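So the chains spell out like this:
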Amino acid sequence: MTTTTTDNQKAQAVKAPVQVTFTLNGQQISVPKGTSVMEAATKNKVDIPHFCWHPGLSVAGVCRFCLVKVEGARKLEIACNLEARDGMIVSSVDAEVKEAHKWALEFHLVNHPLDCPICDQAGECGLQDFYMSVGKYDSWMNRPKALKPKALDIGGDLVLDTERCILCSRCVRFEEEVTKTDALGIFDRGDRAIIGTYPGKKIDHNYTTNLVDICPVGAFTSKEFRFKKRVWFLQDRPSICPGCSTGCAVDVYGKPQERHYYRIKPRESEVNGHWMCDFGRHQYVPLNAELRLPKASLQVNQQQKYVLLEDALTELKTMLGQVQPSEVALLVSAQYTNEEYAKFFDYFVTQHKIKHVFQWREPTETIEAFDGLLMRGDHNANTQGLLSAMKQVGISAKPTNEFDKALDSKFKLVIALAPELPDTFPSLAGQLAKLSEAPAYTCVFSLMVSLARIPGFDCLIPMRGWAEKLGSFTNFEGKIRQLEASFPPAVLDALGVDEAVELLAGSRHFQPREHTVH
Amino acid sequence: MTSTASSQKIILAHEGMANSRALSTYKANGGYTALAKALKMQPTQIIDEVKASGLRGRGGAGFPTGLKWSFVPRDITGPKYLLCNNDESEPGTFKDRHICTVSPHMIIEGIIIGAFTVNANKGYIYTRYEFQEEIGYLEVAIKEAYEAGLLGKNILGSGFDFDLDSYVGAGAYICGEETGMISSLEGKKGQPKLKPPFPAVSGYLGRPTVVNNTETLANIPWIINNGAAAFKKFGTEKSPGTKLFSISGPIKRPGVYEVPLGTKFMDFLNHQCGGMLEGKTFKACIPGGASAAVLTAEEMQNVTLDFECLAENGSMLGSGAIMVIDDSQSMTDILKVTMDFFSHESCGQCTPCREGTGWLANILEGIKERHATPKDVDRIYDIAKNMSGKTICALSDAAAGPAMSFIKKYGDEIKHNLGAEHS
């Protein structure tokens, strides 16, 4: 019994974390006292099959899949609720354990509809994965299966299929522990049990798609992603969510051959734990080819005309040579990478002596807002990075919207780094209209094809989107967030700001561009 | 029961007395003298006495009561609770309701002594919804006890405070499992909790909690009054005391009986219970409630009614619910209603139990519909075997145990009748 674990002892354990050493599948593992065998196994890359355990949630111990054998114990124990103790000898591969895992899987499949051919989870489903790793048997279930409600709209981005559900209760715990919205419960008992919302409640918050992620089967699917693409056709790249200044680590899923992105999922990191918000998840949409500025554009006879990148950059360079530095305004949004800002300011401020640098921000933003979980009111990924890049070239500033200053009639040339995510800039359309009407020659670096439909701009340079860049953002608390891998741009001519600057500076030369398909 | 047998009675000592439930009757027959005595003892003395008596839990698991009480930490402050498990729901069991009917004050006295021992100031009697009459008896008794200063503040001038309430469940079998009961009492869905932590450390509302069965607690006053040695004169070495048995089936006198543990089953059946009904032949017996393995009539010949003998025979004493089966009954039907019960009552939390109990019931449905092969019968055994020992609580084992025993002992009969009509 556990009468020995008094509050006193727990307090002491906090003061001086004691290491315990135990054996797992013959391997000696040292972990801090209080660590479960499951946590220890996960840290040491030992896979113990499980459904209900999730590192970001409390232990439920209900799927009974993570059974392990402890030498000297009367029966198999579940690794998720088993504290690692000194000298303990544990096996997750013993013949008895393997047989138990097989049966545990079969119990999960007894009433599962096995509708993989029409299920979005297929390809990333726990039932499928574990069938391959610990199953591979012919089912003994030859009776009619339990029938339950399907395709339920229970709010948010979610569609629920209670037949596919294996009742692991991860979603219920997420609602209780993470969003604290408590909308979900398990109703009825035995094999009639179903997940559902409490009477009068819907799932209504900004974190709903996390339920799709943590659902180990296809019970929760995403309205947005549903039936769009088989997951095995997708490639994923580790990046950073650009939706706000938190800088959640994410994986972006796209299909480069189609120049299309399909979804964003959170990637575990110290900043965001295991989660991300629905707002952030949506930020792949502006990257898709159909919304992208496909080529550079110049104004010819008060009309936008797509031109070669070389021609647009040459015209910009010519303009730059024709005006005084004091007649140039740089209008910069906070949605570019640190590396892009460094090159941009070095070229225009340090080398070209342009001193008028203005921040382009959403006038209605409430920068200090925070939802208590992840999303911040500063919907720019790199406010801190922009401010520190400006400081590097001697401009001290606080986050302020200085958009109107760039419209001053004293400027003959405005070079703007436009925001790339329209969701984050409710006032963007109005600002763009104003900017296009400015008397100055306006050159806008942008992602969006919508700019090409505004006649007043003089020069448009197509930009890479955030998932198509390497580099870093600096988040709200000054943490450097690396965009670790990138997709080839969805439009061939797209440039990073750094590339554009190098081309202007002549340190990079135009080459026949090949669209690399990975 | 005859008056000569009353010398053997601890729990049902007042059975047959006029107004046996009344506080005045209870007191006139020595009631609450044990409480007065206990309140003057040290809690550790009481634990030692109960340990020495060898009293084992009467709810089914047979865990030593004194040991259970000793697990409650003594050195921590804050509320502790004692809960009386009166959720009697094991099919075949109807003994606790009988205690409520005969001597509700005996239960209450046991509860107060237990609470004093573990220093709990609040307790609940958790009774299943269906026992409406018995709930009434308990509530009247609680009211009487409050009025007599036996509950509430400063009980009998001892300085010990204890409040007791009656709580009515919703009729779920799983709420008889102690942590399921705690969940239910907390206002949550009646589902067992993951252990560790155990209730003695973190139970009701996360506080140290003792859960004892009604019959267990009813034994306490007698033990305090008469001592462990006197208690051990009843029963066997490992199963001391008397036990209530609720016996049903095609026998002459079904009902609740208090007999010393270790009594020979056939003597009990043939003497107290009057034997089988005319024309009925004893075929098999489920000796400890629906979750106990079935024993054949042959196996029952030398069985004594105690924890150890029934365990040796591959079954269990359980809650003392003896169900006698005669040779006109279909083993398929009995197994099916049993599995239907467990499938209906599984809380659905742990996968092997949720899916396994349903699967077993489903296969038996197929057998009843005559859509089954002998392989399906064998499958019942394999499924049950792999449900055992894998879940948070014992409900999965409670279903698996009888299923395996039925297939082992009556599998051939079930297979033989696969094509036959079932009523």
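Please read all numbers here as calculations on a predicted model, not as lab measurements.

## Quick notes on the pairing of strand β14 (residues 296–300) of chain A
Residue and element names in this part refer to chain A. Bridge count between β14 and strand β15 (residues 303–307): five bridges; the pairing is antiparallel. What sits directly across from Ala296, in β15, is Val307. Where β14 hands over to β15, the hairpin turn is made up of two residues, of which Asn301 adopts a positive phi near 50°. One ladder, built from two bridges, connects β14 with strand β20 (residues 459–462); its direction is antiparallel.

## Description of the interface of chain A and chain B
Quite often, the size of an interface is put as the accessible area lost when its parts meet. The interface of chain A with chain B comprises 29 residues on the first partner and 33 residues on the second. At four residues, helix α3 (residues 95–109) of chain A tops the list of elements feeding residues into the side of chain A that touches chain B. Tallied by class, residues from the side of chain A that touches chain B come to 15 nonpolar, eight polar and six charged.

## Notes on helix α12 (residues 497–505) of chain A
Residues and elements named next belong to chain A. Along α12, the residues that are buried comprise Val497, Asp498, Ala500, Val501 and Leu503. As for α12, its buried residues are in contact with α8 (309–322), α9 (338–351), β18 (413–417), β19 (441–446) and β20. Gly506 sits one or two residues past α12 and shows a positive phi near 85°.

## Re the environment of A:Lys201
Structurally, the position occupied by A:Lys201 is in the loop between β9 (194–197) and α6 (209–214). Sequence-wise, A:Lys201 and A:Leu184 are 17 residues apart; in three dimensions their C-alpha atoms are separated by 8.4 Å.

## A few points about the sheet that holds strand β10 (residues 220–222) of chain A
Residue and element names in this part refer to chain A. With antiparallel pairing, the three strands of this open sheet are ordered in space as β6-β7-β10. Both edges of this open sheet fall to β6 (152–153) and β10, since each of them pairs with a single strand only. Pairing of β6 with strand β7 (residues 158–160), which is carried by two bridges, proceeds in the antiparallel orientation. Across the sheet, Asp153 pairs through a bridge with Val159, a residue of β7.

What counts, and where the lines are drawn
Residues numbered from 1 in each chain as written. Chains lettered and ligands numbered in written order. Predicted model: local features only at pLDDT ≥ 70, side-chain atom pairs only at ≥ 80, totals over all residues. Pairing = 2+ DSSP bridges. Helix = DSSP H or I, 4+ residues; strand = E, 2+ residues; numbered from the N terminus. Contact = placed C-beta atoms within 7 Å. Nonpolar A, V, L, I, M, F, W, Y, C, P; charged D, E, K, R; others polar. Buried ≥ 20, exposed ≤ 12 C-beta atoms within 10 Å, placed from the backbone.

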